[in-house]
Amino acid sequence: MTDIKKEENQDNSPPSTPPTSPAPCTNNDADDNDNDNDEKEAKVERSLTENLNKRFYNNSYDNNEENEEIIDYKNFKTIKDFGYYYNDKGELRSIEGEEKFKFINQPHYDRLGDIIVKTIQNKMKSEPINLEEHWIPKGEINQCNIFTSKDFFENQSKLIIFINGSGAVKSGQWARSLCINDTLNSGSILPYLNDAVSNGFSIIVLNPNYNTFEEKIIEKEEEEKEKEEEKEKKDDDNGKPLKKKRLDNLIKGCENSNNHILTVYDEFIKKSAAKEIVIVAHSFGGVNTTYLLDNRGEEISDRLKSIAFTDSVHSLSPNSSSFTKSFFADENKTKNWVKSDKKLNTNLGFSKLQGCHLASSGHRVHEFTSSTCRVPLFQFILNSLKK
């Protein structure tokens, strides 16, 4: 297992913009001053926004809508369409000038983020990882994708489950902002997948935030092929007619992240041949993991060997199952690497709220925790398999 590259101990999260309000009026001529106050507030707001973007996105910000060109970013299919590429270090850089990402507006950022998801997932399906993509549930128009190793159903040794946090991230990511503003090594699960492959694990990567129907991003060279397949594909894998798209756009069995976890367990994890199972979960993925143990604990108890959290936000309650509580409390089976200024892997004691032992991730920023603690985390997992 290769050593991780140490990240600088700096906060790369965009700062929040403090609220501003006009000074209170001290005379009876308040109505005449409204326009002046509004104009002053707007100037302050523009100034603060400009400073935010200069700090985090490395660009000058122009909020003049008259000068802003209206572009439909939905027509963009690749990172190249945005004028960017990923270099050998996994850094997003402009094709012209090798500059870091520059924030334009939210639609631009969101569309680029969606395409980066596809870029990461293409890497997951390529050498040396070679995962397979599955669209679930079968027979439905509304589907989400998950990924497994090709030996998922045959590997009788060990299985590793990856669960990301909440928000805009999709399968294959820990933090979208890092995939854009830092590197794929810190923002994606690709380094973890390489470690899993090299250590002989079968793999499954969940997608708990993919809850509603989304139009697939199809690159130009794939478009014609996709159209032909759609013409031919009138039935599902079992020869049954595909069901109509749900009007509410929700994906059956994946309406929320907890439903997704149970659906994937019942349809995939339960059917894995692996005798030993470990889980790696980031942020809200810890909540999903807790829900899984509370609802499928008896089924998975004989095979589950360890759980490694990265800055998980879960908590136990009186309603948590006895199995969940006992498994979390065992320091050889469960550990949460949390954001901290302390040295990497420093023992931070036991958390009564979370019911598990804590260790320092070696970084004080939440988004970086998964990447910075990868080496001791994987060693913890491997040690759990020896017991």
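About the criteria used
Residues numbered from 1 in each chain as written. Predicted model: local features only at pLDDT ≥ 70, side-chain atom pairs only at ≥ 80, totals over all residues. Heavy atoms only, no water. Pairing = 2+ DSSP bridges. Helix = DSSP H or I, 4+ residues; strand = E, 2+ residues; numbered from the N terminus. Axes fitted to C-alpha atoms, helices over the stretch in contact; angles between N-to-C directions. Contact = heavy atoms within 4.5 Å. Salt bridge = Lys/Arg side-chain N within 4 Å of Asp/Glu carboxyl O. Buried < 20%, exposed > 50% of the residue type's maximum accessible area, 1.4 Å probe, protein only. Phe/Tyr/Trp six-rings, centres within 6.5 Å; stacked < 30°, edge-to-face > 60°. Core = buried A, V, L, I, M, F, W, Y, C linked by side-chain atoms within 4.5 Å.

Here's the deal with the sheet that holds strand 10 (residues 347-351)
Part 1 of the reasoning: Read from one edge to the other, the open sheet built from 9 strands follows the order 3-4-6-5-7-8-9-11-10, with strand pairing classed as mixed. Only two strands of the sheet have a single neighbouring strand rather than two, namely strand 3 (131-136) and strand 10. Across the sheet, the mean angle from the axis of one strand to that of its neighbour is 20°, orientation sign disregarded.
Part 2 of the reasoning: Where strand 9 (residues 334-338) and strand 11 (residues 356-360) come together, 4 bridges link them in parallel fashion. Residue pairing in the sheet places K335 in a bridge with H357 of strand 11.
Part 3 of the reasoning: In the packing of helix 5 (residues 190-198) onto the sheet, contacts are made with strand 3, strand 5 (158-163), strand 6 (202-205), strand 7 (276-282) and strand 8 (304-310), and the angle to strand 6 comes to roughly 155°.
Part 4 of the reasoning: Sheet contacts for helix 7 (residues 257-267): strand 3, strand 4 (144-149), strand 5 and strand 6; angle to strand 4, the most-contacted strand, approximately 45°.

Focus on the pattern of salt bridges
Part 1 of the reasoning: Throughout the structure, instances matching the rule amount to 9 salt bridges.
Part 2 of the reasoning: For D266, the salt bridge is made with R296, and the minimal N-O distance between the two is 3.0 Å. A residue pair is termed long-range when its members are at least 10 positions apart, and D266 in helix 7 and R296 in helix 8 (residues 285-300) qualify at 30 residues.
Part 3 of the reasoning: Taking relative accessible area as the criterion, D266 reaches 26% and is therefore assigned partly exposed.
Part 4 of the reasoning: The exposure class assigned to R296 is buried, which follows from its relative accessible area of 17%.
Part 5 of the reasoning: Linking K270 and E299 is a salt bridge whose minimum nitrogen-to-oxygen distance equals 3.9 Å. Residue K270 is located in the loop between helix 7 and strand 7, and its partner E299 is located in helix 8; the two are separated by 29 residues in the primary sequence.

Considering the packing of aromatic side chains
Each aromatic ring pair is summarised here by two numbers: the centre-to-centre distance and the angle between the ring planes.
Part 1 of the reasoning: Under the criterion given, the structure shown has 18 aromatic pairs.
Part 2 of the reasoning: Measuring from centroid to centroid gives 5.4 Å for W174 and Y192, while their planes differ by 75°, and the two rings are edge-to-face. Residue W174 is found in the loop between strand 5 and helix 3 (176-181), and its partner Y192 is found in helix 5; the two are separated by 18 residues along the sequence.
Part 3 of the reasoning: Judged by its relative accessible area of 4%, W174 falls in the buried class.
Part 4 of the reasoning: Here the aromatic residues F162, W174, Y192, F201 and F378 are joined through ring pairs into a cluster of three or more.

Regarding the pairing of strand 6
Part 1 of the reasoning: On strand 6, burial covers both faces: S202 and I204 on one face and I203 and V205 on the other are all buried.
Part 2 of the reasoning: Bridge count for strand 4 against strand 6 is 2 bridges, and the pairing is antiparallel. Residue pairing for strand 6: F147 is matched across the bridge by V205.
Part 3 of the reasoning: Pairing of strand 5 with strand 6 involves 4 bridges; the strand directions are parallel. Counterpart to I161 in the pairing with strand 6 is I204.

Comments concerning the nonpolar core
Part 1 of the reasoning: Within the largest apolar cluster, 44 residues are counted, with the highest numbers of intra-cluster contacts made by I160, F162 and L193.
Part 2 of the reasoning: With 6 residues, helix 2 (residues 106-124) is the single largest residue contributor to this core.
Part 3 of the reasoning: The residues contacting I160, other than those within four sequence positions of it, are A196, F201, S202, I203, I204, V278, V280, F378 and I381.
Part 4 of the reasoning: In terms of nonpolar packing, the next biggest core, distinct from the first, is built from 34 residues, I161, I251, I279 and I300 among them.

Some thoughts on helix 11 (residues 374-384)
Part 1 of the reasoning: With 8 of 11 residues buried, helix 11 is to be regarded as a mostly interior element.
Part 2 of the reasoning: Turning to helix 11, its buried residues number three or more, namely R374, P376, L377, F378, F380, I381, L382 and S384.
Part 3 of the reasoning: Tucked into the core, helix 11 has its buried residues touching strand 5, helix 5, strand 7, strand 8, strand 9 and helix 10 (369-372).

What about unusual backbone geometry?
Part 1 of the reasoning: Following E127, the chain continues to P128 via a peptide bond in cis, the omega torsion being 0°.
Part 2 of the reasoning: Mapped onto the elements, P128 comes out in the loop between helix 2 and strand 3.
Part 3 of the reasoning: Of note, the bond from I136 into P137 is cis; its omega dihedral lies within 30 degrees of zero at -10°.
Part 4 of the reasoning: Residue placement: P137 occurs in the loop between strand 3 and strand 4.
Part 5 of the reasoning: With a phi angle near 50°, D311 is a residue other than glycine that sits in the positive phi range.
Part 6 of the reasoning: Position of D311 among the secondary structure elements: in the loop between strand 8 and helix 9 (322-329).

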